[in-house]
Amino acid sequence: MSISARLRAGVTTTSAAETRALAAEFAATLPRDTTLALHGDMGVGKTTFVQGFAEGLGVHEHVTSPTFAIYSVYRGAGRTLVHLDAYRLENEHQIEALLLDEFLVSPWVLAVEWPEKIAPWLPSDTQHLTLSIEDGDRHRLRLH
Ligand SMILES: Nc1ncnc2c1ncn2[C@@H]1O[C@H](COP(=O)(O)OP(=O)(O)O)[C@@H](O)[C@H]1O
Ligand SMILES: [Mg+2]
């Protein structure tokens, strides 16, 4: 089964490393200029997923939570990764002031934490991944 088919069916990982490995595999299959919305509460593994995602895109820098910076830009082997944390945004109208478009130079991938804050702004072809904690280190990931 392909990685996206597996994620659509729902996958449970048992460690952060497993989530990162899955994310890296998934990143390699994404079409160019894709937005990935990461849904789920604090601590479910959104940033962990983006770390693996970055590895899969050939980013060598360490990815941290951009909560205070709002977003971070990383250069991958072939693509630019923009990691946006919308937690502190009020609504989609605040996106424009961030000049995000300047960094979305094709081919890019945009990973968004707290996407519900800016839902109307998200491109219509955005892929949505929902994360949750089943129990302890068992985290559930599902693409929809
Ligand atoms: N199976 C798992 N998948 C992802 N993270 C896990 C898993 N098990 C434990 N963790 C831990 O859960 C935490 C998730 O934090 P983080 O990725 O920052 O979440 P979020 O960005 O959603 O707030 C990390 O400390 C990570 O090591
Ligand atoms: Mg986070």
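Quick caveat: nothing in here was measured; it's all calculated off a predicted structure. (Residues numbered from 1 in each chain as written. Chains lettered and ligands numbered in written order. Predicted model: local features only at pLDDT ≥ 70, side-chain atom pairs only at ≥ 80, totals over all residues. Heavy atoms only, no water.)

**Concerning the coordination of the magnesium ion (ligand 2)**
Surrounding the magnesium ion (ligand 2) are the protein donor atoms Thr 47 (OG1) and Glu 113 (OE), which sit 2.2 Å from the metal. Taken as a pair, Thr 47 in helix H3 (residues 46-56) and Glu 113 in strand E5 (residues 108-113) lie far apart in primary sequence, 66 residues in all. Given a relative accessible area of 18%, Thr 47 falls into the buried group. Classification of Glu 113 by relative accessible area gives buried; the value is 4%. (Donors = N, O, S within 2.8 Å, 3.2 Å for Na, K, Ca; no water. Helix = DSSP H or I, 4+ residues; strand = E, 2+ residues; numbered from the N terminus. Buried < 20%, exposed > 50% of the residue type's maximum accessible area, 1.4 Å probe, protein only.)

**Things to note about the sheet that holds strand E6 (residues 127-135)**
With mixed pairing, seven strands are arranged side by side in an open sheet as E1-E7-E6-E2-E5-E4-E3. Edge strands, defined here as strands with exactly one partner in the open sheet, are strand E1 (11-13) and strand E3 (71-75). Averaged over all neighbouring strand pairs, the angle between strand axes comes to 20°, with direction disregarded. Where E6 and strand E7 (residues 138-143) come together, six bridges link them in antiparallel fashion. Along E7, the bridge assignment pairs Ile 133 with His 139. Along the sheet, helix H2 (residues 16-29) makes contact with E1, strand E2 (34-39), E6 and E7, crossing E1 at roughly 135°. Across the sheet, H3 touches E2, strand E4 (80-85), E5, E6 and E7, and the angle it forms with E2 is around 150°. (Pairing = 2+ DSSP bridges. Axes fitted to C-alpha atoms, helices over the stretch in contact; angles between N-to-C directions. Contact = heavy atoms within 4.5 Å.)

**Notes on the site of ligand 1**
The local shell around ligand 1 holds 16 residues, among which Thr 19, Gly 43, Lys 46, Thr 48 and Asp 137 are the closest. Taking Thr 13, its side chain carries an N or O atom lying 2.9 Å from a nitrogen atom of ligand 1. Between ligand 1 and the protein, one listed contact pairs an oxygen atom with a backbone N or O atom of Val 44 at 3.4 Å. For ligand 1, whose unbound accessible area comes to 570 Å², protein coverage reaches 73%. Among the elements that take part in the shell around ligand 1, H3 stands out by supplying three residues, more than any other. A per-class count over the shell around ligand 1 returns three nonpolar, nine polar and four charged. (Near = heavy atom within 4 Å. Polar contact = N/O pair within 3.5 Å; in protein donor to acceptor, adjacent residues only side chain to side chain. Areas by Shrake-Rupley, 256 points an atom, 1.4 Å probe, with all protein chains shown as cover. Nonpolar A, V, L, I, M, F, W, Y, C, P; charged D, E, K, R; others polar.)

**Digging into the pattern of salt bridges**
Throughout the structure, instances matching the rule amount to two salt bridges. Its salt-bridge partner being Arg 6, residue Glu 25 comes within 3.8 Å of it at the nearest N-O pair. With Glu 25 in helix H2 and Arg 6 in helix H1 (residues 3-9), this pair connects stretches of sequence that are 19 residues apart. Residue Glu 25 is classed as partly exposed on the basis of its relative accessible area, which comes to 40%. The exposure class assigned to Arg 6 is partly exposed, which follows from its relative accessible area of 29%. (Salt bridge = Lys/Arg side-chain N within 4 Å of Asp/Glu carboxyl O.)

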